[in-house]
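# Commentary on secondary and tertiary structure
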Amino acid sequence: MEALQNELPSESPAPEMAPDEEGHRQENVQAGSSADTCLTENLDITVTAAGSNYELVMKNLGDECEMIGFPDVSMIGDGNGRQIGAPAKRSNFASDYVTLKRDDTATATIKVSDVAGQDQATCIPTPADGFRVFPPANTNSLFVPVAGLQGCDNPDISVLSIGPVK
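A few points on the structure.

Rules of the game
- Residues numbered from 1 in each chain as written.
- Predicted model: local features only at pLDDT ≥ 70, side-chain atom pairs only at ≥ 80, totals over all residues.
- Heavy atoms only, no water.
- Pairing = 2+ DSSP bridges.
- Helix = DSSP H or I, 4+ residues; strand = E, 2+ residues; numbered from the N terminus.
- Buried < 20%, exposed > 50% of the residue type's maximum accessible area, 1.4 Å probe, protein only.
- Core = buried A, V, L, I, M, F, W, Y, C linked by side-chain atoms within 4.5 Å.
- Contact = heavy atoms within 4.5 Å.

### A look at the sheet that holds strand β4 (residues 65-67)
Overall, mixed pairing links the three strands, which are arranged β1-β4-β8 in an open sheet. Pairing within the sheet leaves two strands with one partner each, and these edge strands are β1 (36-37) and β8 (98-100). Across three bridges, β4 lies against β8 in antiparallel orientation. From the neighbouring strand, C65 faces β8, where its bridge partner is L100.

Right under this line is the structure:
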């Protein structure tokens, strides 16, 4: 299994969710905790493939931090960061706080449905360059390239689902 990571192409449009001044939402951190939110800029994000599932791996390169919930994930393409289809739907699994010391990792599972199972005229099958990932409680994203992805170029259809961080 090969791990991949890269930054968003420089021509990419601004993400749908505009970043705040600090690029994270501190209010999502556990009350009374000594750990801060795991910030995008302190994470090394990679993806490993296993059939139609991908394991999103977020490695902490900074001080101790924590996260809870779901990463926001979308397919992007056209070599410029254009979103393809709707963002990933969240699974029904419960989430709990994950505390990461330096070099610890948190994971989340991305499931990709085959576009062949969609109405082709409605779906508009389109190749994708990879995933745009917003770690939990962050408004800054990273681009993670993934070869062979295909999504639906219809903003009402998502072929993605995402599990909670663990």
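Picking up after the structure, the text goes on.
### Topic: the sheet that holds strand β3 (residues 53-60)
Spatially, the five strands line up as an open sheet ordered β2-β3-β9-β14-β7, and their pairing is mixed. One side of each edge strand has no neighbouring strand; the edge strands of this open sheet are β2 (43-50) and β7 (89-90). Sheet topology places β7 next to strand β14 (residues 160-162); two bridges connect them, and they run parallel. Bridge assignment links R90 to a residue of β14, and that residue is I162.

### Digging into the pairing of strand β11 (residues 130-134)
In terms of burial, β11 is a largely internal element, five of the five residues being buried. As defined by bridge partners, strand β5 (residues 72-77) adjoins β11 across five bridges and the pair is classed as antiparallel. Across the sheet, the residue bridging to I76 is G130, located in β11. As paired strands, β11 and strand β12 (residues 142-145) are joined by four bridges and run antiparallel to one another. Counterpart to R132 in the pairing with β12 is F143.

### Regarding the nonpolar core
Among the nonpolar cores identified, the biggest contains 35 residues, and M67, V73, M75, I110, V112 and F131 are the most heavily contacted of them. Counting residues per element, this core draws most heavily on strand β9 (residues 105-112), at four residues. Among residues more than four places away in sequence, those in contact with M75 are R82, Q83, I84, V112, A128, G130, F131, L149, Q150, G151, V159 and L160.

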